[in-house]
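Descriptive structure summary
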Amino acid sequence: MPFPTTLPAPSLGDPVVGRLSEALQGHREAFEQHFGASVGVRTFFSPGRVNLFGGHLDYNGGPVLPTAIDRGTFVAIRAREDGQVRMGSRFAEAQGHFRTSELPVSPRGEWFDYPLGVLLALVRLDDSAPAKIAGGFDVLFGGNLPVGAGLSSSASICVGMTFALDSIFGLELDPVQRVEAALDAERGFVGVKCGIMDPYAVGFARPKHVLWLDCKDETFEHLPMDFERLSIGVADTGIQRLLARGEFNRRVTECAAAFDALRVHAPEARVLRDINRTVLAEHGHELDADLLRRATHVVEEVERTFVAREALLSGDLSTLGRCMSETHASLRDRYDCSCEELDVLVEAATVEGGALGARLTGAGFGGCAVMLIAAGDEQRVSDAVVTAYERRYGRRPPIAFFQGDEGPREVR
Ligand code: GLA
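As the structure is a prediction and not an experimental result, all values here were calculated from the model. (Residues numbered from 1 in each chain as written. Predicted model: local features only at pLDDT ≥ 70, side-chain atom pairs only at ≥ 80, totals over all residues. Heavy atoms only, no water.)

Regarding the overall build of the protein chain
Each helix and strand in the protein chain was counted, giving twelve helices and twelve strands. For 412 residues, the compact-globule estimate of 2.2 N^0.38 gives 22 Å, and the protein chain sits close to it at 21 Å. Its C-alpha atoms put the protein chain at 65 × 50 × 35 Å along the principal axes. Counting only residues that meet the buried cut, the protein chain has 57% of its 412 residues in that class. In the protein chain, the share of contacts with a sequence separation of at least 24, taken over all contacts with a separation of at least 6, comes to 73%. As displayed, the protein chain offers around 16,600 Å² of accessible surface, 49% of which is attributable to carbon and sulfur atoms. Distance between charge centroids for the protein chain: 2 Å, based on 43 positive and 58 negative side chains. (Helix = DSSP H or I, 4+ residues; strand = E, 2+ residues; numbered from the N terminus. Rg over C-alpha atoms; globule rule 2.2 N^0.38 Å. Buried < 20%, exposed > 50% of the residue type's maximum accessible area, 1.4 Å probe, protein only. Contact = heavy atoms within 4.5 Å. Areas by Shrake-Rupley, 256 points an atom, 1.4 Å probe, with all protein chains shown as cover. Lys, Arg positive; Asp, Glu negative; His and termini not counted. Charge placed at Lys NZ, Arg CZ, Asp CG, Glu CD.)

Next up, the structure:
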């Protein structure tokens, strides 16, 4: 049975009305309407994220600085006893329907590949999990996070699903296992060559903080961000590039090839992040032109992310903003993952609106730009961005402002 009232996809421009608990109450009612009885239903929220510094560094073993936003995925879930699994979404007609004894082993090309991948990862992770999950469950996804816009809707779903299954079946996963299961779903099952940033950013988020994640050794710490002085703006181009996943995977392969060529000159290096400027200057000519541009982005972006970290800790907002805009220029000119609409947003935000810095976020190729704004300047930046974008493209880009949100949680 398709979901009776399929909703339009969420937009950043949708007003957030009322408290999260009220929105999740509406989601619980939708669950009851769809799946019947309401007893035993539990509701969870899992945020999206923006990446502020460290563009395309995670799969190169570099440091990244993301933060969660208070838009995310709603999960309503209830355990069953008959071995059936039903997965529904407020935004899609297709529904997943499986038996826990015969779970599919390959993706179906549907939205529910993500939660299905999580389920398969959990069953593999722990010997006791299959018995605990054997009775099955009904789950309904919804929320207020734009999909495919660079705000990590897929990690939000996967981490939310892991969290919900862990909670209702008492799997007692540690937080890293939760994140690893989400990652396994995206990489192992759906087949995106993504790095570790997104599920960590979602899974370990803390309010008013950014996550400093070192993707080489997978260690992290929470750094405070001064939201008395700063605001994070996000503007959506509304552009979704169909080729984005293929292009993203190609960047991952290109960086691996660049590393293979350079590592012979740096025997200690384990990942491209370990290649320094000197090695690149002396041996970069051995790479073809595109690989050299990719590697140059990575080497400089690693340095820039350390500079941004220091600027964040010392409260040097102008350096922080400059780093962000330099990241955008490098992603545009060396990594070829921007697009004209993103460049227009970034230019309008910084040059006309006076934002401290701006860049594409997520993989790029469309989706959202993130802007670092001095507190109090939000309206000025927003007006400049909307005016420039509308003048050029005849439509207003949705914009919202964020302050660093917390990770996945049950909402009663
Ligand atoms: C996507 C991927 C992440 C990361 C970013 C680019 O969001 O899922 O792992 O590589 O792109 O920084």
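This is not the end of the story, as more comes after the structure.
Structural notes on the site of the ligand
What surrounds the ligand is the set Arg49, Gly55, His56, Asp58, Tyr59, Cys194, Gly195, Met197, Asp198, Phe248, Gly362 and Ala363. The backbone of His56 places a nitrogen or oxygen atom 2.9 Å from an oxygen atom of the ligand. Contact distances for the ligand include 2.5 Å between an oxygen atom and a side-chain N or O atom of Asp58. Considering only residue class, the shell around the ligand consists of five nonpolar, four polar and three charged. (Near = heavy atom within 4 Å. Polar contact = N/O pair within 3.5 Å; in protein donor to acceptor, adjacent residues only side chain to side chain. Nonpolar A, V, L, I, M, F, W, Y, C, P; charged D, E, K, R; others polar.)

Overview of the nonpolar core
Core analysis: the largest hydrophobic core is formed by 97 residues, its most contacted members being Met87, Phe137, Leu165, Ile275, Met371 and Val385. Counting 29 residues, the second-largest nonpolar core is a separate cluster that includes Val210, Met225, Ala308 and Cys323. (Core = buried A, V, L, I, M, F, W, Y, C linked by side-chain atoms within 4.5 Å.)

A closer look at empty space enclosed by the protein
Rolled over the atoms, a probe sized like a water molecule indicates the empty space that remains. One pass over the full model with this rule turns up one cavity of 30 Å³ or more. Taken together, Pro66, Thr67, Ala68, Ala201, Ala205, Arg206, His209, Val210, Leu211 and His222 form the lining of the largest cavity. Secondary-structure elements contributing two or more residues to the lining of the largest cavity are β2 (63-79) and β6 (209-214). For the lining of the largest cavity, the residue count by class is six nonpolar, three polar and one charged. (1 Å grid on protein atoms, 1.4 Å probe; cavity = no way out; pocket = protein on both sides within 12 Å on 5 of 7 lines; lining within 4 Å. Points joined across faces, edges and corners; volume = space filled by probe spheres on them.)

Quick look at the pattern of salt bridges
Under the defined criterion, the tally for this structure stands at 32 salt bridges. In this structure, the salt-bridge partner of Asp138 is Arg86, at a minimum N-O distance of 2.9 Å. Separated by 52 residues along the polypeptide, Asp138 in strand β5 (residues 136-143) and Arg86 in strand β3 (residues 84-89) bring together distant segments of the chain. Accessibility expressed as a relative area gives 0% for Asp138, which makes it buried. Residue Asp274 is joined to Lys216 by a salt bridge in which the shortest nitrogen-to-oxygen separation is 2.9 Å. Of this pair, Asp274 sits in the loop between α7 (244-262) and α8 (277-283) while Lys216 sits in the loop between β6 and β7 (219-224), placing them 58 residues apart in sequence. Here the salt bridges share partners, and the residues they tie into one network are Glu247, Arg250, Arg251, Glu254, Asp290, Arg293, Arg294 and Asp336. (Salt bridge = Lys/Arg side-chain N within 4 Å of Asp/Glu carboxyl O.)

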